[in-house]
Amino acid sequence: MKKILSITLISAFALLFSTGCGKTLDVKKYNSKKIEHAIIKAAETTGWRMTEFKNNEILAEKTEDEKTVSTSIKYSRGKIAFDENVNTSDLQDAIAEELNKTSH
């Protein structure tokens, strides 16, 4: 009985910690204003609709093949955090490209 309880608790903690984690984009040399600008510009080129939610968080939404996906993007100086359960690879690539443009 104790072994089953231990396994259950370990599984629950693993699930809890894995759902809280997301993908991050390392952008240490940029301030929050520049990051926000890059996110908005990248969204325009990739078809994501953005809604400002908080001063450091944007809600992103995209419709493809009659399916709508949405996620939140949190940013601060040094990083941009994406939900791992939503495929935002096109947006991440476009943000990195946009930030690369501004650094030259």
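Residues numbered from 1 in each chain as written. Predicted model: local features only at pLDDT ≥ 70, side-chain atom pairs only at ≥ 80, totals over all residues. Heavy atoms only, no water.

### Focus on the environment of Thr24
Move 1: Here Thr24 is to be found in strand β1 (residues 22-27).
Move 2: Taking C-alpha positions, Thr24 is 9.6 Å from Ile73, a pair spaced 49 residues apart along the chain.
Move 3: Apart from residues no more than four positions distant in its own chain, Thr24 is found in contact with Ile80 and Ala81. (Helix = DSSP H or I, 4+ residues; strand = E, 2+ residues; numbered from the N terminus. Contact = heavy atoms within 4.5 Å.)

### Notes on the pattern of salt bridges
Move 1: A full pass over the atoms with the stated rule returns five salt bridges.
Move 2: Notably, a salt bridge pairs Lys54 with Glu57, separated by 4.0 Å at the nearest N-O pair.
Move 3: Taking relative accessible area as the criterion, Lys54 reaches 47% and is therefore assigned partly exposed.
Move 4: With a shortest N-O distance of 3.4 Å, Lys62 and Glu64 are connected by a salt bridge.
Move 5: Residues joined by salt bridges that share partners form a network here, namely Lys62, Glu64 and Asp90. (Salt bridge = Lys/Arg side-chain N within 4 Å of Asp/Glu carboxyl O. Buried < 20%, exposed > 50% of the residue type's maximum accessible area, 1.4 Å probe, protein only.)

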